[in-house]
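# Results of the structural survey
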Amino acid sequence: MSTTELLFSRTDEELGSFAVRPLDPFADAELLHGWVTHPKASFWMMQDASLPDVEREYMRIAAHEHHQAFIGLHEGRPAFLMETYDPSELELVGLYDAQPGDVGMHFLVAPSDTPLHGFTRAVITTVMAAIFADPTAERVVVEPDVANTAVHALNEAVGFVPERQVTKPEKEALLSFCTRTQFEAATAAQGVSI
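In short, a report on the structure. (Residues numbered from 1 in each chain as written. Predicted model: local features only at pLDDT ≥ 70, side-chain atom pairs only at ≥ 80, totals over all residues. Heavy atoms only, no water.)

### With respect to the overall build of the protein chain
Counting its regular elements, the protein chain contains 5 helices and 8 strands. Sequence-ordered secondary structure for the protein chain, helices as α and strands as β, is β-β-α-α-β-β-β-α-β-α-β-β-α. Relative to the compact-globule value of 16 Å for 194 residues, the protein chain shows a C-alpha radius of gyration of 16 Å, a close match. Taken along its principal axes, the extent of the C-alpha atoms in the protein chain is 40 × 40 × 30 Å. The burial tally for the protein chain puts 47% of its 194 residues in the buried class. Partitioning the contacts of the protein chain with sequence separation of at least 6, the portion at a separation of at least 24 is 59%. Taken together, the 12 basic and 29 acidic charged side chains of the protein chain have centroids lying 2 Å from each other. (Helix = DSSP H or I, 4+ residues; strand = E, 2+ residues; numbered from the N terminus. Rg over C-alpha atoms; globule rule 2.2 N^0.38 Å. Buried < 20%, exposed > 50% of the residue type's maximum accessible area, 1.4 Å probe, protein only. Contact = heavy atoms within 4.5 Å. Lys, Arg positive; Asp, Glu negative; His and termini not counted. Charge placed at Lys NZ, Arg CZ, Asp CG, Glu CD.)

The structure is reproduced here in structure tokens:
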């Protein structure tokens, strides 16, 4: 798969074009290193990662059959990181009853000196729409840090419903779910086109 191949795209009425492409662990490592070590990415837990650490982590993900990573584009420029995983095989094994069609998700917005109003919400909307573009995806599962209140609000805005707190090795997490129907209802209520 080429890193120029767009896997998904949508147009946000306010902010323009968003797209998702495959991530290349080597070609994208320097870009990712700047993102994951930025102070605003503290919940990503890679603050002290070296460039080779980032390469190794994304090579590991690229080789894993149950974990995928993607670069998100805004107006053709790299602007966010998106990861999907099978929560019955990774991250949440034994912490909840996985259902067929469950997709685990992480996302990270690149740091910016000139923030755009509504940008992060447009990113999570794009991430969710990209996941649900796959007809086998029924429900998105997330497990953000309980202290990450900003992402809890974003998750709620796109239809996530918190279920309970779970203890993971690296954090206390808020297990939350969003079905396709909940996502469609949340975006329709805000007048957002997918």
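Still more ground to cover, so stick around.
### Considerations on the pairing of strand S3 (residues 67-74)
Taken across its 8 residues, S3 has 7 buried, putting it largely inside the fold. As paired strands, S3 and strand S4 (residues 77-85) are joined by 8 bridges and run antiparallel to one another. Across the sheet, residue Leu-73 finds its bridge partner in S4, namely Pro-78. In textbook terms, the turn of a hairpin is the stretch between consecutive antiparallel strands, and for S3 and S4 this stretch comprises 2 residues, one of which, Glu-75, has a positive phi near 50°. (Pairing = 2+ DSSP bridges.)

### Side note on the sheet that holds strand S6 (residues 139-142)
Backbone-to-backbone hydrogen bonds join strands into a sheet, with any given pair of strands oriented parallel or antiparallel. Strand order across the open sheet formed by 8 strands is S1-S2-S3-S4-S5-S6-S8-S7, with mixed pairing between neighbours. If you trace the sheet from one side to the other, it starts and ends with strand S1 (8-12) and strand S7 (161-167), each paired once. Here the average twist between neighbouring strands, direction ignored, is 30°. Strand direction decides the pairing type here: strand S5 (residues 102-109) and S6, joined by 3 bridges, are parallel. The residue of S6 that forms the bridge with Val-103 is Val-140. The strands touched by helix H5 (residues 180-189) within the sheet are S7 and strand S8 (172-179), with S8 carrying the most contacts at an inclination of about 80°. (Axes fitted to C-alpha atoms, helices over the stretch in contact; angles between N-to-C directions.)

### Observations regarding helix H1 (residues 29-36)
Among the residues of H1, Ala-29, Leu-32, Trp-35 and Val-36 are the ones counted as buried. Considered in projection along H1, the buried side chains sweep an arc of 120° and stay on one side of the axis. The elements touched by buried residues of H1 are helix H2 (51-63), S3, S4 and S5. (Arc of directions from axis to C-beta.)

### Thoughts on the pattern of salt bridges
Across all of its chains, the model carries 10 salt bridges by this definition. The salt bridge involving Glu-91 is made with Lys-168; its shortest N-O contact spans 2.3 Å. Note that Glu-91 is positioned in the loop between S4 and S5 and Lys-168 in the loop between S7 and S8, a separation of 77 residues in sequence. Classification of Glu-91 by relative accessible area gives partly exposed; the value is 31%. The class of Lys-168 is buried, set by a relative accessible area of 6%. Connected through shared salt-bridge partners, Glu-91, Glu-143, Lys-168, Glu-170 and Lys-171 make up one network. (Salt bridge = Lys/Arg side-chain N within 4 Å of Asp/Glu carboxyl O.)

### Things to note about the packing of aromatic side chains
According to the stated counting rule, one finds 3 aromatic pairs in the structure shown. Ring centres 5.5 Å apart and planes at 45° place the aromatic pair Tyr-96 and Phe-177 in the tilted group. On the criterion of sequence distance, the pair formed by Tyr-96 in the loop between S4 and S5 and Phe-177 in strand S8 is long-range, its members being 81 residues apart. Judged by relative accessible area, which is 10%, Tyr-96 ranks as buried. (Phe/Tyr/Trp six-rings, centres within 6.5 Å; stacked < 30°, edge-to-face > 60°.)

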